[in-house]
Amino acid sequence: DQMNIGGSCMHNKYQEGMILAGTEDLDAAKAWLINECENSIEYNACTNVEALDFENIGNCDEWTIWSRIDNNLGESCMHKKYTEAMVLADTDDLEVAKVWLKSTCEAQIVYKPCTTVAALDFPNIGNCYEWTIWAAIQDQMNIGGSCMHNKYQEGMILAGTEDLDAAKAW
């Protein structure tokens, strides 16, 4: 409410914005004001990569990462998760920040199995077709209901490999 300080301004806030921006186009004035504001703010990180605890995040899906950032911002943080992502990634490009966060997460995550080979009960599975085994893995993962990765990742964890083809052959 800077206009109210002197008490003598004869136009509204939108007109004032257009005057400050040097344009008669309200949309152009909004864009200019936002740009001026963003260029004058020096954002500081409200969290850090260590606090995001990617090692125990469960999976590196985008929504999981955004949720983890959001939960770590704290009440005093003046910006949202997307700005935080760009600050952490040291970029002003959100897409670059997304790629950086995903690759950082994937480099740090430690996948933990949600089931065991014994729980798959191979002697009673009926057949050893690939889709039957994947279905058995999915069924076991659904029992606990808290598994954060998919059946293919679970198969790779159980097989002790990061290669899906090697997990299939296992």
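What counts and what doesn't
- Residues numbered from 1 in each chain as written.
- Predicted model: local features only at pLDDT ≥ 70, side-chain atom pairs only at ≥ 80, totals over all residues.
- Heavy atoms only, no water.
- Helix = DSSP H or I, 4+ residues; strand = E, 2+ residues; numbered from the N terminus.
- Buried < 20%, exposed > 50% of the residue type's maximum accessible area, 1.4 Å probe, protein only.
- Contact = heavy atoms within 4.5 Å.
- Salt bridge = Lys/Arg side-chain N within 4 Å of Asp/Glu carboxyl O.

A short note on the environment of Cys9
Right, so step 1: With respect to the element layout, Cys9 can be found in the loop between helix H1 (3-6) and helix H2 (13-21).
Right, so step 2: Of the residues examined, Cys9 reaches a relative accessible area of 30% and is grouped as partly exposed.
Right, so step 3: Between the C-alpha atom of Cys9 and that of Thr23, which follows or precedes it by 14 residues, the distance is 18 Å.

Considerations on the environment of Leu73
Right, so step 1: Relative to the helices and strands, Leu73 resides in the loop between helix H5 (62-72) and helix H6 (81-89).
Right, so step 2: Leu73 sits in the buried class, given a relative accessible area of 9%.
Right, so step 3: In sequence terms Leu73 and Cys46 are 27 residues apart; their C-alpha atoms lie 5.6 Å from each other.
Right, so step 4: When near neighbours in sequence (up to four residues on either side) are disregarded, Leu73 contacts Cys46, His79, Lys80, Lys81 and Glu84.

Looking at the pattern of salt bridges
Right, so step 1: Tallied over the entire structure, the rule returns five salt bridges.
Right, so step 2: Between Asp70 and Lys81 there is a salt bridge, with its nearest N and O atoms 4.0 Å apart. Remark: Lys81 occurs in helix H6 and Asp70 occurs in helix H5; sequence separation between them is 11 residues.
Right, so step 3: The salt bridge involving Glu106 is made with Lys102; its shortest N-O contact spans 3.4 Å.

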